[in-house]
Amino acid sequence: MSESNDIDEGFYSRQLYVLGHEAMRRMGTAAVLIAGMRGLGVEIAKNVILSGVKSVTVQDEGLAQWMDLSSQFFLQVSHLGQNRALISQPQLSALNPHVCVSAHTGKLNEKLLLQFQVVVLTDSSLEDQQRFGAFCHSNGIKFIVADTKGLCGQLFCDFGKEFEVLDPDGETPPSVMIDNITKTDPGVVKCSEPVNGFVDGCSVSFSEVCGMKELNEYGPVEIKVLGPDSFSICDTSGFSAYEKCGVATEVKNSKTLTFKPLNEALTDLELLVYTDHGKISNHQTLHLAFQALHGFVKQEGRLPEARSQSDAELLVALVKELNKVYKLEQLDEEVVRSLSLTARGDLAPINAFIGGLAAQEVLKACSGKFSPLQQCLYFDALECLPEDNQEDGEQWRESTYLPSGSRYDGQAVVFGSAFQEKLGKQRYFLVGAGAIGCELLKNFALIGLGAGQGGHITVTDMDSIERSNLNRQFLFRSQDIGRQKSEVAAQAVRAMNPSMNITAHQNCLDPDSEKVYGYHFFMGLDGVAAALDNVEARVYLDSRCVHHQRPLLDGGTLGTKGSTLVVVPHLTQSYGPAKTNSRDAIPLCTLKNFPHRIEHTLQWAKDQFEGLFKQAAENVNQYLGEGAGFLERTLGRGEAEALEVLECVWGAVGMQRPRGWDDCVGWARRQWETVYNNDIAQLLHCFPPKQLTSSGLPFWSGTKRCPNPLNFDPDNTTHMDYVVAASNLYGQIYGIVGTRDISAIKSVLEKVHIPAFTPKSAVKIHLTDEEMEEDKNSGDFDTERLEELHKKLSSPPMNSSDLQMHPMVFEKDDDNNFHMDYIVAASNLRAENYDIPTADRHKSKLIAGRIIPAIATTTTAVAGLMCLELYKLVQGHKRISSYRSAFINLAVQYCVLSEPLGPRRFTVSDRSAPQVGQTAVMNGKASADLRICEPLGRS
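All figures in this text were calculated on a predicted structure; none of them were measured in a lab.

A.B. asks: Got a sec to walk through helix α28 (residues 841-848)? Specific residues and values, please.
C.D. replies: An α-helical turn contains 3.6 residues, so any two residues separated by three or four positions project in the same direction. Among the residues making up α28, those that are buried are H842, S844, K845 and A848. Across the axial projection of α28, the buried residues extend over an arc of 165 degrees, all falling on one side. Tucked inside the fold, the buried residues of α28 contact α1 (13-19), α2 (21-27), α19 (598-626) and α27 (819-833). Residue R850 follows α28 closely and has a positive phi angle near 50 degrees.

Set out below in structure tokens:
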């Protein structure tokens with residue numbers, strides 16, 4: 001963030017769709033202190049800095065040790081013995097030029113804490129947590145404690161006596177279009193669509209209401225749902241009569257929360273938030289065990305030794321003593337022992353998960369956006385340990401868990417050196433080097449996956465780095481823009497861990513790539529990880545893994561939501577085939593004649609862009625290159641479509657071809673007149689405003705909004721935005737240089753002749769897609785004109801090289817290419833035609849560009865969960881109960897980890913066998929493709 005609080009929309013593009021401008025501005029005023037720069041602290045700092053607060057100070061008195069290298073990705077062997085904060089600061093600072101990052105190597109004290117709005121403690125003693133927690137609580141400083149020990153983690157939040165949450169969940173408020181409002185007490189609102197999302201007692205605001213305009217300024221109105229498409233409101237008997245239109249939108253209410261300080265929260269088990277409902281007793285036990293662990297350290301001056309049974313029993317005794325106060329009915333002593341045996345561990349996947357959650361709490365504290373954790377959360381992945389404690393044999397000797405001066409010491413004290421060697425020998429295929437891909441590669445480097453003799457990582461991604469990637473794909477820097485993602489990511493993780501064996505590809509994974517990724521390639525793998533952003537690629541990759549019986553790790557995100565899935569051959573269900581969702585498809589007749597939502601006008605504008613500035617130019621180039629071959633192929637697509645295509649080609653190579661910039665402006669102005677005036681006038685001629693259906697009901701009712709033609713006004717900003725963008729794009733496809741000079745364009749417009757238009761009675765307007773398809777195949781079109789065009793185009797022009805055109809490929813992230821300028825203006829003008837509320841550039845870009853909202857916190861947490869499943873795959877866990885699928889929503893700190901579904905079974909010759917493929921149907925929209933969990937189901 002800059003001093004002026006301006007938001008760099010190019011850098012924060014995807015995150016803005018998660019947090020919004022106001023939350024980002026509030027974050028831009030916040031100073032954050034993060035104490036402790038081991039693996040967990042640096043994860044939190046990385047995510048907070050990428051997200052864009054005003055400043056971050058990292059504090060650590062400690063010096064880098066071998067144990068740190070297993071999860072602190074900014075430390076190298078050469079940094080051993082140096083201060084962790086000082087080493088991390090310049091690398092953290094390089095993540096985001098808008099955030100001031102500083103290092104503090106002294107002790108924490110109250111005077112230092114007063115400089116910050118948010119304080120985060122990691123790797124801290126219970127005494128410091130209670131001391132500084134009480135101080136922060138009494139001084140209005142938001143206070144967060146995060147800690148990890150081996151395979152367990154904890155998170156605590158105290159945002160003070162009163163903390164206002166401005167937007168509890170971040171979900172888009174539901175809205176409905178209005179069909180009628182009665183003048184009664186109470187008034188009854190009839191909607192043209194179901195009132196999904198509205199509940200009794202919620203408040204709505206009204207906009208765009210014609211006639212009963214009092215409602216537009218009335219403010220939030222409490223409602224009572226009367227039926228699937230109606231609700232009652234206030235007394236409207238004294239208001240003007242309702243005429244038409246209107247939108248009702250739910251109004252989100254802020255809420256004020258109260259937090260307890262740490263010393264009080266520790267005794268209140270009601271404040272525990274559970275992440276795995278099969279582990280409630282684990283979480284309750286860990287609440288005591290983490291406190292007892294602090295007592296152990298205070299008593300012994302150290303953490304429990306790895307694999308020390310005597311230390312484990314001492315910790316159990318301390319927990320039992322604590323339970324005399326807490327009186328837990330189910331105290332799980334095995335959980336306490338497992339915590340003791342692994343407490344010296346410092347694992348990258350655990351730090352990634354807890355670090356992602358903790359960083360999101362920092363952003364909530366800074367912005368008031370989303371619901372904060374209230375107040376304690378515990379997490380364990382103890383199922384990552386060997387199944388049935390089968391640790392017999394030479395490799396499980398206690399000495400194999402002792403630190404050995406290796407970068408993997410923090411992991412070896414949990415799993416042993418034999419497992420570390422096995423990790424190094426793994427051969428994995430990572431598909432995708434975007435946000436999740438970068439986080440996975442970071443984790444792979446830290447845990448040593450494929451970094452040993454015989455091990456290898458292959459990563460493929462066909463995309464190059466763009467500026468909008470830098471906010472969440474933390475392996476990339478501004479100097480990498482334009483380079484291939486896979487190459488830069490591979491280079492970055494080699495720098496983290498020089499032992500990494502990794503090869504970068506730039507191939508798209510599809511059937512055409514099977515010459516590269518064929519039988520021998522897949523059979524040489526130990527597993528596959530998917531970090532993809534679309535369903536089709538996921539389904540294809542899943543099918544390849546099923547075919548070759550290779551395990552698959554999959555993760556996806558959509559803003560603050562994330563999901564993970566592990567596919568184990570013959571043990572769990574696979575991702576399965578894509579589930580089509582016809583609800584997302586907009587009928588063509590709706591787009592063409594009867595839009596009623598801004599999504600419809602934006603899709604129409606996008607189709608206009610593709611048809612005018614891409615497809616037309618491509619058709620001309622194909623004609624110039626192929627001649628008769630193109631004509632015959634076009635005629636084979638059907639005569640109706642052929643007439644449209646050939647008419648366009650003839651115009652581009654014949655007399656209608658623009659000769660200069662003035663012709664481009666003239667074309668744009670005439671195009672404006674055609675789509676925003678003439679076409680609407682023709683529609684109203686066929687269906688007048690007071691038209692009745694055969695049933696005697698108004699034709700223009702429900703989702704059919706009666707349009708009105710627009711009259712061009714050169715002083716109207718949106719009108720001119722359209723002309724400027726359209727004329728420049730039209731010029732570009734013909735190689736004609738344009739201008740943004742409004743006054744110059746207005747001068748040209750004065751000379752443009754607009755032909756008079758008279759609606760025709762013979763024109764047929766299709767009411768359904770079925771009618772449109774029937775007429776398309778009916779043969780009712782101008783055959784003489786088609787033959788005339790075919791004859792004219794049979795002899796390609798001699799100067800064909802001079803007639804080559806330059807098709808436009810839609811690019812939403814370039815603010816200087818006129819693409820989004822055109823889409824926004826074209827959509828909003830059509831919305832004005834139909835009295836649909838318009839959308840600003842930010843919202844238009846989200847919808848038309850099909851942008852997947854993204855934030856670093858979620859991708860970090862998802863990648864951490866995926867790598868916990870990786871531990872199990874490498875060990876060869878055989879029980880389905882050992883694995884976890886996950887769904888998280890960091891906006892409301894909702895985490896559900898559950899056992900995956902087993903494969904469906906079928907009977908062959910009286911024997912039951914697992915069915916290959918198929919997975920559960922998920923609710924919700926996919927993004928990257930996120931599949932949202934059903935309760936206690938898989939994600």
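From this point, the narrative continues.
A.B. asks: Tell me what's going on with the pattern of salt bridges, and back it up with residues and numbers.
C.D. replies: Following the criterion strictly, the structure yields 54 salt bridges and no others. Here D123 makes a salt bridge to R38, at a shortest N to O gap of 4.0 Å. Of this pair, D123 sits in the loop between β4 (118-122) and α6 (126-138) while R38 is found in the loop between β1 (31-35) and α3 (39-51), placing the two residues 85 residues apart along the sequence. Across the salt bridge formed by D276 and R884, the nearest N and O atoms sit 2.9 Å from each other. Taken together, the positions of D276 in the loop between β16 (272-273) and α8 (280-300) and R884 in the loop between α29 (856-875) and β24 (885-889) put the pair 608 residues apart, joining distant regions of the chain. Considered together, D276 and R884 belong to a single accessibility category, that of buried residues. In this structure, a network of salt bridges that share partners links the residues R38, D60, D68, R84, D123 and D346.

A.B. asks: Lay out the pairing of strand β3 (residues 100-104) in plain terms, naming residues and giving numbers.
C.D. replies: By the bridge criterion, five bridges tie strand β2 (residues 55-59) to β3 in an arrangement that is parallel. Of the residues in β3, the one forming a bridge with V56 is V101.

A.B. asks: Give me the lowdown on the sheet that holds β24, citing residues and values where you can.
C.D. replies: Sheet architecture is open: eight strands sit in the order β20-β19-β18-β21-β22-β23-β24-β25, paired in mixed fashion. The open sheet is flanked by β20 (502-505) and β25 (894-898), the only strands paired with a single partner. If you compare each strand with its neighbour and ignore which way they point, the axes differ by 10 degrees on average. As paired elements, strand β19 (residues 456-460) and β20 share four bridges and run parallel to each other. Looking at β20, one finds that T458 is bridged to T503. Along the sheet face, helix α14 (residues 435-447) touches β18 (427-431), β19, β20, β21 (527-530) and β22 (552-558) and points at about 160 degrees away from the line of β18. This element, helix α17 (residues 535-548), spans β18, β21, β22 and β23 (561-567) of the sheet and lies at about 165 degrees to β22.

A.B. asks: Describe in detail the packing of aromatic side chains, supporting the description with residues and values.
C.D. replies: Following the criterion strictly, the structure yields 36 aromatic pairs and no others. An angle of 90 degrees between the planes, with centres 5.0 Å apart, marks the rings of F11 and Y12 as edge-to-face. Take F11: its relative accessible area is 3%, and that puts it in the buried class. Take Y12: its relative accessible area is 0%, and that puts it in the buried class. When the ring of Y676 is compared with that of Y722, the centres are 5.5 Å apart and the planes differ by 85 degrees; the resulting orientation is edge-to-face. Here Y676, found in helix α22 (residues 661-686), pairs with Y722, found in helix α23 (residues 717-733); they are 46 residues apart in sequence, far enough to count as distant. Judged by its relative accessible area of 0%, Y676 is buried. The rings of W604, F609, F613, W667, W672, Y676, F712, Y722, Y730, Y734, F810 and Y822 are connected pair by pair, giving a single aromatic cluster. Above the face of the F474 ring, K46 is positioned so that its terminal group lies 4.7 Å from the ring centre. The lysine or arginine in question, R307, covers the ring of Y401, its NZ or CZ lying 4.5 Å from the ring centre.

Conventions adopted
- Residues numbered from 1 in each chain as written.
- Predicted model: local features only at pLDDT ≥ 70, side-chain atom pairs only at ≥ 80, totals over all residues.
- Heavy atoms only, no water.
- Buried < 20%, exposed > 50% of the residue type's maximum accessible area, 1.4 Å probe, protein only.
- Helix = DSSP H or I, 4+ residues; strand = E, 2+ residues; numbered from the N terminus.
- Arc of directions from axis to C-beta.
- Contact = heavy atoms within 4.5 Å.
- Salt bridge = Lys/Arg side-chain N within 4 Å of Asp/Glu carboxyl O.
- Pairing = 2+ DSSP bridges.
- Axes fitted to C-alpha atoms, helices over the stretch in contact; angles between N-to-C directions.
- Phe/Tyr/Trp six-rings, centres within 6.5 Å; stacked < 30°, edge-to-face > 60°.
- Lys NZ or Arg CZ within 6 Å of the ring centre and 35° of its normal.

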